[in-house]
Amino acid sequence: MTASRPCPARRDKKESEVHRQTALRRGLALVGGVLLLLVGIALLVLPGPGLLLVLAGLLVLSNQFPAVARFVDPVRERAMFAARESVSSWVRIAGAALVAAALFVAGLFWGLMPELPLGGWPTGAGLILSSVLLVALLVYSYRTTRGDPRE
């Protein structure tokens, strides 16, 4: 008896499928990473976690495109510095909490009052989501830079 060897046509089909999946994965990483990067750059001047989204975009891109990896460490260092600064005093923490509360209330108003400019739930939900992200980032920054009191 002879050992069975895979048919060359089957092997080529498998290799083609693997190549297609790799290309799809790279394409999705490119689109997702660039989108995160662009939104992060916009949020550097708008209210929001711009630097963290820039970092997230670079991390996604660096998984598929090694040339991008050289930008990750400098951005990570700057993002962690910004996280430390955001919780460096109780005044900053209270200010960020007030902004989060204002965003949440504004989101409710915009959602419930469609007669406002750009009124309706798409705008309201965006403001509410921004407030939730702000609180989450504030808690994350506090725990990572000042330590978790439960530890």
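Keep in mind that this is a model prediction, so the values were computed, not measured.

1. What about the pattern of salt bridges?
- Taken as a whole and judged by the stated rule, the model has two salt bridges.
- Across the salt bridge formed by Arg 76 and Asp 73, the nearest N and O atoms sit 3.3 Å from each other. Of this pair, Arg 76 and Asp 73 both sit in helix α3 (residues 72–86), separated by three residues, roughly a single helical turn.
- Residue class for Arg 76 comes out partly exposed when judged on its relative accessible area of 36%.
- A residue is classified by how much of its surface remains accessible, and Asp 73, at 45% relative accessible area, is partly exposed.

2. Topic: the packing of aromatic side chains
- One pass over the structure, following the stated rule, counts one aromatic pair.
- Taking 6.2 Å as the distance between ring centres and 45° as the angle between the ring planes, the aromatic pair formed by Trp 90 and Tyr 142 counts as tilted. Taken together, the positions of Trp 90 in helix α4 (residues 90–112) and Tyr 142 in helix α5 (residues 121–146) put the pair 52 residues apart, joining distant regions of the chain.
- On the basis of relative accessible area, Trp 90 is assigned to the exposed category, the value being 59%.

3. What about the nonpolar core?
- Ranked by size, the top nonpolar core spans eight residues in total: Val 54, Leu 55, Leu 58, Leu 61, Val 68, Val 72, Val 75 and Ala 79.
- Of all the elements in the fold, those that place two or more residues in this core are α2 (50–64) and α3.
- Counting residues per element, this core draws most heavily on α2, which supplies four residues.
- Once residues lying within four places of it in the same chain are set aside, the contact partners of Leu 55 are Val 72, Val 75, Arg 76 and Ala 79.

4. Observations regarding the confidence of the model for the protein chain
- Counting all residues, the mean pLDDT for the protein chain is 83, and 85% of those residues have values of 70 or more.
- For the protein chain, helix α1 (residues 8–45) is the element with the lowest average pLDDT, namely 80, and α4 is the one with the highest, namely 91.

5. Some thoughts on unusual backbone geometry
- The residue Leu 118 is not glycine, and still its phi comes out positive at about 55°.
- Note on placement: Leu 118 falls in the loop between α4 and α5.
- With relative accessibility at 72%, the residue Leu 118 sits in the exposed group.

6. Overview of α4
- Taking 1.5 Å as the rise per residue, α4 with 23 residues should run 33 Å; its terminal C-alpha atoms sit 33 Å apart, in good agreement.
- Within α4 the residues assigned to the buried category are Ile 93, Ala 96, Ala 100, Ala 106, Gly 107 and Gly 111.
- In this fold, the buried residues of α4 make contact with α3 and α5.

7. Looking at the environment of Gln 64
- Within the secondary structure, Gln 64 sits in helix α2.
- Considering only alpha carbons, one finds Gln 64 and Thr 22, 42 residues apart in sequence, at a separation of 9.6 Å.
- What Gln 64 contacts, discounting residues up to four positions off in sequence, is Arg 25, Arg 26 and Ala 29.

What counts and how
- Residues numbered from 1 in each chain as written.
- Predicted model: local features only at pLDDT ≥ 70, side-chain atom pairs only at ≥ 80, totals over all residues.
- Heavy atoms only, no water.
- Salt bridge = Lys/Arg side-chain N within 4 Å of Asp/Glu carboxyl O.
- Helix = DSSP H or I, 4+ residues; strand = E, 2+ residues; numbered from the N terminus.
- Buried < 20%, exposed > 50% of the residue type's maximum accessible area, 1.4 Å probe, protein only.
- Phe/Tyr/Trp six-rings, centres within 6.5 Å; stacked < 30°, edge-to-face > 60°.
- Core = buried A, V, L, I, M, F, W, Y, C linked by side-chain atoms within 4.5 Å.
- Contact = heavy atoms within 4.5 Å.
- pLDDT = per-residue confidence, 0-100.
- Expected span 1.5 Å × (residues − 1).

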